Amino acid sequence: MYVRSFNPQPDRPLPLRPHLGLALQGGGAYGAFAWGVLDRLLEERRFKPSAISGASAGALNAVVMAAGLVQGGHKAAREALAALWSAVAAMPFLKLMGAPGAHLQMDLLTRLLSPYQFNPLNINPLRDMLVQLVDFDALRARSKVELFISATHVRTGASRIFREDEISVEVLLASACLPYLHQAVEIDGESYWDGGFSANPPLLPLALDTTCRSLLLVKLTPDSEDEVPVHAQPIFARMRRLLFNTPLTRDLDALARMQGQLLQARRLPRHLLRLRELEWEAITIPAEMMGDEAGKAGTAELIGKLHDAGRVAAQGMLDA
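Residues numbered from 1 in each chain as written. Predicted model: local features only at pLDDT ≥ 70, side-chain atom pairs only at ≥ 80, totals over all residues. Heavy atoms only, no water.

**Q** Would you take a moment to explain the overall build of the protein for this structure?
**A** Across its full length, the protein carries 12 helices and eight strands. Scored against the burial criterion, the 320 residues of the protein give a buried share of 50%. Carbon together with sulfur atoms contributes 56% to the accessible area of the protein, which is approximately 15300 Å² in total. (Helix = DSSP H or I, 4+ residues; strand = E, 2+ residues; numbered from the N terminus. Buried < 20%, exposed > 50% of the residue type's maximum accessible area, 1.4 Å probe, protein only. Areas by Shrake-Rupley, 256 points an atom, 1.4 Å probe, with all protein chains shown as cover.)

**Q** Help me understand the side chain of Ser-143 in this model?
**A** Relative to the helices and strands, Ser-143 resides in the loop between helix 7 (136-142) and strand 3 (146-153). By relative accessible area, Ser-143 is classed as buried at 18%. Looking at Ser-143, its side chain comes within polar contact range of the main-chain oxygen of Val-145, at 3.0 Å. Once you skip the residues sitting within four places of it in the chain, Ser-143 turns out to touch Val-70 and Ala-138. (Polar contact = N/O pair within 3.5 Å; in protein donor to acceptor, adjacent residues only side chain to side chain. Contact = heavy atoms within 4.5 Å.)

**Q** How do you make sense of the packing of helix 2 (residues 57-90) against helix 6 (residues 125-133) when you look at a structure like this?
**A** When two helices pack together, you describe them by how their axes are tilted relative to each other and by the distance separating the axes. Contact geometry for helix 2 and helix 6: axes closest at 10 Å, N-to-C directions at 155°. As summarised for this structure, helix 2 and helix 6 are arranged roughly antiparallel, according to the angle between their axes. As for the relative orientation of helix 2 and helix 6, their crossing is right-handed in sense. Listed contacts from helix 6 to Leu-60, Ala-80, Ala-83, Leu-84, Ala-87 and Val-88 of helix 2 are Leu-126, Met-129, Leu-130 and Leu-133. In the contact of helix 2 with helix 6, the residues fall into 10 nonpolar, no polar and no charged. (Axes fitted to C-alpha atoms, helices over the stretch in contact; angles between N-to-C directions. Parallel < 35°, antiparallel > 145°, perpendicular 65-115°, else oblique. Left-handed = near helix turned anticlockwise from the far one by under 90°. Nonpolar A, V, L, I, M, F, W, Y, C, P; charged D, E, K, R; others polar.)

**Q** Even after reading the chapter, I still don't get a nonpolar patch on the surface, so can you show me in this structure?
**A** Side chains of Ile-235, Phe-236 and Met-239 sit close together on the surface and give an oily, nonpolar patch of about 240 Å² of accessible area. Structurally, the position occupied by Ile-235 is in helix 10 (residues 232-263). Since its relative accessible area comes to 31%, Ile-235 is described here as partly exposed. (Patch = residues over 30% accessible without salt bridge, like charges linked within 9 Å, V, L, I, M, F, W, Y side chains within 5 Å. Salt bridge = Lys/Arg side-chain N within 4 Å of Asp/Glu carboxyl O.)

**Q** Before we go on, may I ask you to explain the pairing of strand 4 (residues 159-163) in this structure?
**A** Working note: regular strand, side chains alternate between the two faces of the sheet. Note: strand 3 against strand 4, five bridges, orientation antiparallel. Within strand 4, the residue paired with Thr-152 across the bridge is Ser-159. Hairpin connection, strand 3 to strand 4: the antiparallel pair is bridged by five residues, and Gly-157 has positive phi, about 80°. (Pairing = 2+ DSSP bridges.)

**Q** Before we go on, may I ask you to explain the packing of aromatic side chains in this structure?
**A** Remark: the centre distance and the inter-plane angle together describe each pair of aromatic rings, the angle taken between the planes. Under the criterion given, the structure shown has two aromatic pairs. On the basis of an interplanar angle of 75° and a centroid distance of 5.9 Å, the ring pair of Phe-162 and Tyr-192 is categorised as edge-to-face. Of this pair, Phe-162 sits in strand 4 while Tyr-192 sits in strand 6 (residues 190-194); the two residues are 30 residues apart in sequence, bridging distant segments of the chain. A single burial state applies to Phe-162 and to Tyr-192, both of which are buried. When the ring of Phe-197 is compared with that of Phe-244, the centres are 4.9 Å apart and the planes differ by 35°; the resulting orientation is tilted. Pair noted here: Phe-197 is in the loop between strand 6 and helix 9 (204-208) and Phe-244 is in helix 10, with a separation of 47 residues, a long-range link. (Phe/Tyr/Trp six-rings, centres within 6.5 Å; stacked < 30°, edge-to-face > 60°.)

**Q** I'm lost on the pairing of strand 3 in this one. Help?
**A** Of all eight residues making up strand 3, seven are buried, and the element is well covered by its neighbours. Bridge analysis of strand 2 (residues 51-55) against strand 3 gives five bridges, and the strand direction is parallel. Bridge pairing in strand 3 links Ser-53 to Phe-148. As defined by bridge partners, strand 3 adjoins strand 6 across three bridges and the pair is classed as antiparallel.

**Q** Honestly, the pattern of salt bridges in this entry has me stumped. Any pointers?
**A** Inspection of the entire model under this criterion finds 22 salt bridges. Note that Glu-190 is salt-bridged to Arg-155, the shortest N-O span being 3.1 Å. With Glu-190 in strand 6 and Arg-155 in the loop between strand 3 and strand 4, the pair connects residues that are 35 residues apart, well separated along the chain. Owing to a relative accessible area of 63%, Arg-155 belongs among the exposed residues under this scheme.

**Q** What is the right way to read the environment of Trp-35 from this model?
**A** Locating Trp-35 in the fold gives a position in helix 1 (residues 31-41). Its relative accessible area of 11% is what places Trp-35 among the buried residues. For the pair formed by Trp-35 and Ala-62, sequence separation is 27 residues and the distance between their alpha carbons is 9.6 Å. Contacts of Trp-35, omitting those with residues within four sequence positions, involve Asn-61, Leu-81, Ala-82, Trp-85, Ile-303 and His-307.

**Q** Even after reading the chapter, I still don't get unusual backbone geometry, so can you show me in this structure?
**A** Cis geometry is found at the peptide bond from Asn-200 to Pro-201, where omega equals -5°. As for its placement among the helices and strands, Pro-201 is situated in the loop between strand 6 and helix 9. One non-glycine residue, His-19, lies in the positive phi region at around 55°. Its place among the elements puts His-19 in the segment before strand 1 (20-24). Not every positive phi belongs to a glycine, and Ser-56 is a case in point at roughly 55°. Classification of Ser-56 as buried rests on a relative accessible area of 10%.

See the structure below:
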């Protein structure tokens, strides 16, 4: 990728530069890795993203952090993220999923019954948790951070991007709506599923619709996994990761192609010059964190390990 720094202080690592766009990939409980990354970066007063995009767990991290920044700056944002993931780790469903054989039973249940059958009342504990954590009215009215939250339109499969003045608990539930676990979320008369199917995370809006000069991507799918799975559960877990990583791969390829075409132009208007010289870096979850597949992905112990790994990865980027 072509790289030229706009940064007036080139000694700053990318996460601490001005005009930063932050893209947070979704990935269920593995979003605790992104929590660790953000937890470390929020200790730096120069970490001030001007725009944040997210899907699914990335959307939860994005909105909870943005709401914390509105309420009380970096300290409040760290506290809000910690409260989010402490509540997630304590959810009875995730505690159940840590029991031996629970994932196999859940796989069988969701293949035979839909959430309209095994959860006809559409009970979702995530709703109450988010209402307690996020002042949506204050966020819509006072957020200084541009937000791009994706959900997937069920009828067309197209991505819908919700902006900071549209964020609600329904938008977050839609962005994190796995169709085999939860009923589709209705917004303005239309039904939506998890944003990870169509924009995970929304990357091109950060590049095209903001004034960001650098992008930091927090990626919850490893760049490569050497071991070829041979058993049923690991195979399905790998398939899900490949599925949810496809929109990001597509967007990165499109961005690289656009920058390649712009390189051939000698004179460009300012907005295209910015796009041509846009830099990006990624903090990627280590492949070894995928160990034991999803067998323990809901336990509080693993969420703690993911958080710690995220902090280490963020520190590595700051040190580099």
